[in-house]
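Fold and geometry: a report
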Amino acid sequence: MNNIIFFGPPGAGKGTQAKKIAEYLNLPHLSTGDILRSKIQQKDPLSTKLKEIMSAGKLVSDDILNEIVSEKLLSESKKGFILDGYPRTLDQSFFLKNFIKNNSLKISYIFNINIQFDILKERILKRAKEEGRDDDNLNAIEIRYKAYLETTQPVSDEFKINNPENFYEIEGNDEIEQITSKIKKILKKS
Ligand code: AMP
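The following refers to the structure shown. What you see is a predicted model, and the numbers here were worked out from it, not measured in a lab.

The rules behind these values
- Residues numbered from 1 in each chain as written.
- Predicted model: local features only at pLDDT ≥ 70, side-chain atom pairs only at ≥ 80, totals over all residues.
- Heavy atoms only, no water.
- Near = heavy atom within 4 Å.
- Polar contact = N/O pair within 3.5 Å; in protein donor to acceptor, adjacent residues only side chain to side chain.
- 1 Å grid on protein atoms, 1.4 Å probe; cavity = no way out; pocket = protein on both sides within 12 Å on 5 of 7 lines; lining within 4 Å.
- Sits in = over half its atoms within 2 Å of the grid points.
- Helix = DSSP H or I, 4+ residues; strand = E, 2+ residues; numbered from the N terminus.
- Nonpolar A, V, L, I, M, F, W, Y, C, P; charged D, E, K, R; others polar.
- Buried < 20%, exposed > 50% of the residue type's maximum accessible area, 1.4 Å probe, protein only.
- Pairing = 2+ DSSP bridges.
- Core = buried A, V, L, I, M, F, W, Y, C linked by side-chain atoms within 4.5 Å.
- Contact = heavy atoms within 4.5 Å.

The next thing to look at is the site of the ligand. Inspection of the region around the ligand gives 16 residues, with Thr 32, Lys 58, Gly 85, Arg 88 and Gln 92 positioned closest. In this structure, an oxygen atom belonging to the ligand sits 2.5 Å away from a main-chain N or O atom of Lys 58. In this structure the site holding the ligand corresponds to the largest pocket. Here the shell around the ligand gets 4 residues from one element, more than from any other, and that element is helix 2 (residues 32-40). The residue makeup of the shell around the ligand, split by class, is 6 nonpolar, 4 polar and 6 charged.

This is the structure:
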């Protein structure tokens, strides 16, 4: 059973890769960004609050995220899972580790996609034109990147230190297909 986490700054392509690998391994792709975006469509009081936070590029509260993820993991992760965009804070990481321990699970692979800020900025602005996401504007990109550096990078650093045997740094500047094949090679090797 494969339980996989994708880390990387916004725009690094972790969503694209997580989706491709989920199809390849036939695992559920749990993208917290996608789940939250679909919650926004429900047009209730929570959705208005979520829309405000997300379009500003800020992080949604840990309580909301931990509830969403535990619900999804309990209902959809019987064969394994791919987490994309979670954990993003130390509190979420603590929650996930407890969940994993309590359910006698293991993290099989952690992929950390690296990319330079200039390239990332260009990519996100291109995606803004193609997908029309509210948080794909320059101001929100800068806030999201700052949140990544300050809050999420310490989480991936900690995973790297404690799981060196299944933590893989991936070059995110490469072409999409090249990155996918590198990840598939790692999956085949071990
Ligand atoms: P993403 O699609 O992963 O870039 O996520 C889009 C937005 O959803 C983020 O900028 C946050 O506002 C929110 N979000 C997604 N995942 C999380 C998380 N694990 N913790 C807090 N906020 C999140």
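Of all 6 residues that make up strand 4 (residues 109-114), 5 are buried, and the element is covered over most of its length. As defined by bridge partners, strand 4 adjoins strand 5 (residues 167-171) across 5 bridges and the pair is classed as parallel. Looking at the pairing, Asn 112 lines up with Glu 169 of strand 5.

This part covers the nonpolar core. Counting residues in each nonpolar core, the largest one holds 25 residues, and the members touching the most others are Ile 5 and Leu 83. Among the elements that make up this core, the one with the highest residue count is helix 4 (residues 62-76) (4 residues). Membership of the second largest hydrophobic core comes to 22 residues, among which are Ile 4, Ala 12, Ile 21 and Ile 113.

Secondary-structure assignment places Thr 152 in helix 7 (residues 138-162). The class for Thr 152 is buried, based on a relative accessible area of 6%. Among the polar contacts made by the side chain of Thr 152, one reaches the main-chain carbonyl oxygen of Arg 88 at a distance of 2.8 Å. Not counting the four nearest positions on each side in its chain, Thr 152 is found in contact with Phe 7, Pro 87, Arg 88 and Ala 147.

On to the environment of Leu 187, then. Position of Leu 187 relative to the elements: it lies in helix 8 (residues 176-189). The class of Leu 187 is buried, set by a relative accessible area of 10%. Residues Leu 187 and Asn 2, spaced 185 residues apart in sequence, show a C-alpha to C-alpha distance of 9.6 Å. For Leu 187, the contacting residues outside a window of four places in its chain are Ile 4, Ile 21, Tyr 24, Leu 25, Tyr 109 and Phe 111.

No statement about biological role is implied by the geometric values presented.
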